[in-house]
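# Examining the three-dimensional arrangement
The residues making up each chain are set out below.
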Amino acid sequence: MPVSKKVGSRVIAGSINAHGALLVEATHVGNDTTLSQIVKLVEEAQTSKAPIQQFADRLSGYFVPFIVLVSLLTLVAWIAIGFVDFDVVMENFPGYNQNISKAEVVVRFAFQASITVLSIACPCSLGLATPTAVMVGTGVGAQNGILIKGGEPLEMAHKIGVVMFDKTGTITNGVPRVTRVLVLWEMARMPLRKILAVVGTAEASSEHPLGMAVAKHCKDELGSDVLGYCQDFQAVPGCGISCRVSSVEHLLQQQGDERFLLLGATTDESSLLSAAEAPSAGEGSSNSVLIGNREWMRRNGHHIGADVDAAMCSHETKGQTAVLVAIDGVLCAMLAIADTVKAESALAVHTLQSRGIEVVMITGDNRRTAKAIAAQVGIRKVFAEVLPSHKVAKVQELQQRGLRVAMVGDGVNDSPALARADVGIAIGTGTDVAIEAADIVLIRNDLLDVVASIELSKKTVRRIRINFVFALIYNLVGIPIAAGVFMPAGLVLQPWMGSAAMAASSVSVVLSSLLLRMYKKTPVELYEVCARGQMRSLRSSQISTHLGVDGRRWSPAPAAAARRQQSAAAQPALPGQGPSVVSVQEQQDRYSLLDHQTAEDLNV
């Protein structure tokens, strides 16, 4: 969303100037810029992440000298037994050369047993237990739209205790959409289709994200990419637009049933009248159009009734933007526009919580919008108005409490936290910086894949443990047989038998790992069945809201509540990322440009 700036305001390199001319003084260049400091945060997080010491590596480090020691002990033991009781050697070493001495026969038999121990002992199966399962697991993940960058995140994901979600573009779609069209039928008896045609034509000339969202919605509902003709277009930042619209008659001709409902939006029933049931302008006539907020309507002499104002406030308290439409001097409609929640977000949050994983939202957006989105998806703990470096601090704080943290995000602002978290999960449609910093990338932009990645991690780690069991049991059983412990029972192994058994153990571990290819993601329908009757939107009182990096609880004061109803939409900290309202910091840390901002700069 656009941020209003004035003389003296701080701006960030890479921002897009949406309206008017701009003269900027460069106060930070090179390594001091905001983007450079974010890149530095990512690099520091990546280099400080200690690699996990693999269990197989430690085990193999003890296994090889242990086997050599067992082999030597076998050699010495059988030499001693052979010289004490040669009949034992004769019984278990038939067909030896009768022309050689007894001592040589004993030494040959002892060496055979010792070599068999070396042959049958298999560090290979232990060494293959982890990498083969990881290789198959990452391949299965890729087939299911989950790109896992190596074995460490795959093994770590099942240990996650807290999942932190960014809001904009992660829980939400990241683009504004029209959620409601309310036709004021008592004030202007104008059919819905004509309102859409006029409003869509007017907003088609706008460069504002909300205007583009309205234009797209109107085109989709009218089923036409070609709208009417717009002239005398004027855009007033922070207020709205005015223009004249003509040549929309071809859009008023409906095919089939004249009555229809908007897909993805709600309307009042009184608006569902055809163009033929209401008076329409004559051929070639034009309409004057005003679209904007309350102030824009008041400037142009329109009175906003209590019922209309109440309808607008009901949407604004949910973090949505309410826009009024006046055509030919009469208020005729209200549009509600919002960054809508993804269809699967609430189900993904519920599924994670049902598995004992704490879910937290952390966003740079203002507290009102963050709380409204959290209520919709069922998140009880929210950190709002958080800066990029503060997201890193919040991840570290949770890690210091002994928790394994996963961060899910899509923007440049999220990339330091993605790199610092135990498992960073990026949305595939996010920025290149976020995808580079993350350990796991959700190619299909589906939050249920966060659940799937944890499931796949659990199955992979379980398969690794099964591989270890196979390898260890094989060695624990095979080595005593090779050493001759069971020779009195007539169980004797030749060296070639030990070598064949060693190869078979490696093959068995590989085949065990290949069983991971049978993994299938849990169907969405099954998640929905499990969550049926349990998913509910939260009340405001059930959500714990914390502001900034210090995590202080926010409790609304009456004056603050009144100001919030009049405040503008949230402001972004970086282009392409969600809104951000920054709290003033008393002390400036080493991320000075990221942390130290002024209230007037943010135009709250």
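Residues numbered from 1 in each chain as written. Predicted model: local features only at pLDDT ≥ 70, side-chain atom pairs only at ≥ 80, totals over all residues. Heavy atoms only, no water.

### Quick look at the overall build of the chain
Of regular secondary structure, the chain possesses 22 helices and 15 strands. Out of the 604 residues belonging to the chain, those deemed buried represent 51%. (Helix = DSSP H or I, 4+ residues; strand = E, 2+ residues; numbered from the N terminus. Buried < 20%, exposed > 50% of the residue type's maximum accessible area, 1.4 Å probe, protein only.)

### Regarding the UniProt feature "transmembrane region" (unreviewed entry) in the chain
The UniProt record marks residues 62-84, 109-129, 468-490 and 496-516 with the feature "transmembrane region" (unreviewed entry), using the residue numbering of this structure. Helix makes up 100% of residues 62-84 and strand 0%, and the two end C-alpha atoms of the span are 33 Å apart. (UniProt positions renumbered as here; feature names shortened; annotations may be inferred.)

### Considerations on a nonpolar patch on the surface
Taken together, the side chains of Val 469, Phe 470, Ile 473, Leu 476 and Val 477 define a hydrophobic patch exposed on the protein surface, amounting to about 470 Å² of accessible area. Within the secondary structure, Val 477 sits in helix α17 (residues 448-483). For Val 477, a relative accessible area of 47% gives the class partly exposed. (Patch = residues over 30% accessible without salt bridge, like charges linked within 9 Å, V, L, I, M, F, W, Y side chains within 5 Å. Areas by Shrake-Rupley, 256 points an atom, 1.4 Å probe, with all protein chains shown as cover. Salt bridge = Lys/Arg side-chain N within 4 Å of Asp/Glu carboxyl O.)

### Notes on the side chain of Thr 351
On the secondary structure map, Thr 351 appears in helix α12 (residues 345-354). Looking at Thr 351, the relative accessible area reads 4%, which means it is buried. Setting aside anything within four residues of it in sequence, one finds Thr 351 in contact with Val 451 and Tyr 527. (Contact = heavy atoms within 4.5 Å.)

### Side note on helix α14 (residues 388-400)
Taking 1.5 Å per residue, 13 residues should reach 18 Å; α14 reaches 19 Å between its end C-alpha atoms and fits that length. Looking only at α14, the buried set comprises Pro 388, Ser 389, His 390, Lys 391, Val 392, Lys 394, Val 395 and Leu 398. Where α14 ends, the next residue or the one after it, Gly 402, has phi of about 85°, a positive value. (Expected span 1.5 Å × (residues − 1).)

### Details of the packing of helix α5 (residues 123-143) against α17
One way to put it is that α5 packs onto α17 with a least axis distance of 9 Å and a crossing angle of 155°. Between α5 and α17, the angle falls in the class roughly antiparallel. The two elements α5 and α17 cross, and the hand of that crossing is right-handed. Listed contacts from α17 to Ser 125, Leu 126, Ala 129, Thr 130, Thr 132, Ala 133, Val 134, Gly 137, Val 140 and Gly 141 of α5 are Leu 456, Thr 460, Arg 463, Ile 464, Asn 467, Phe 468, Ala 471, Leu 472 and Asn 475. (Axes fitted to C-alpha atoms, helices over the stretch in contact; angles between N-to-C directions. Parallel < 35°, antiparallel > 145°, perpendicular 65-115°, else oblique. Left-handed = near helix turned anticlockwise from the far one by under 90°.)

### Concerning the pattern of salt bridges
Enumeration over the complete set of coordinates arrives at 13 salt bridges. We note a salt bridge from Lys 167 to Asp 365, for which the minimum N-O separation is 2.9 Å. In this pair, Lys 167 sits in helix α7 (residues 167-171) while Asp 365 sits in the loop between β9 (358-362) and α13 (367-377), placing the two residues 198 residues apart along the sequence. Two residues, Arg 294 and Glu 316, come together in a salt bridge whose shortest N-O distance is 3.0 Å. Taken together, the positions of Arg 294 in helix α10 (residues 294-299) and Glu 316 in helix α11 (residues 306-316) put the pair 22 residues apart, joining distant regions of the chain. Residue classification places Glu 316 among the buried positions, given a relative accessible area of 12%. The network of salt bridges with common partners includes Asp 166, Lys 391 and Asp 414.

### Concerning the packing of α12 against α17
Put simply, α12 and α17 touch, their axes get as near as 8 Å, and they point 30° apart. Considering the angle they form, α12 stands roughly parallel to α17. Taken together, the residues of α17 that come into contact with α12 (itself represented by Leu 347, Ala 348, Thr 351 and Leu 352) are Leu 448, Val 450, Val 451 and Ile 454. Looking at side-chain class alone, the contact of α12 with α17 contains 7 nonpolar, 1 polar and no charged residues. (Nonpolar A, V, L, I, M, F, W, Y, C, P; charged D, E, K, R; others polar.)

### Re the nonpolar core
Core analysis: the largest hydrophobic core is formed by 67 residues, its most contacted members being Phe 165 and Leu 352. No other element matches the 14 residues that α17 contributes to this core. Structurally, this core is a two-domain feature, drawing no fewer than three residues from each of domain 1 (26-149 + 449-537) and domain 2 (150-172 + 342-448). Here Phe 165 is in contact with Thr 170, Ile 171, Leu 352, Val 359, Val 360, Met 361, Ile 362, Val 408, Leu 447 and Val 450, once residues within four sequence places are set aside. Ala 188, Ala 202, Leu 251 and Val 323 belong to the second-largest nonpolar core, a separate cluster that totals 35 residues. (Core = buried A, V, L, I, M, F, W, Y, C linked by side-chain atoms within 4.5 Å. Domains from an automatic or database assignment.)

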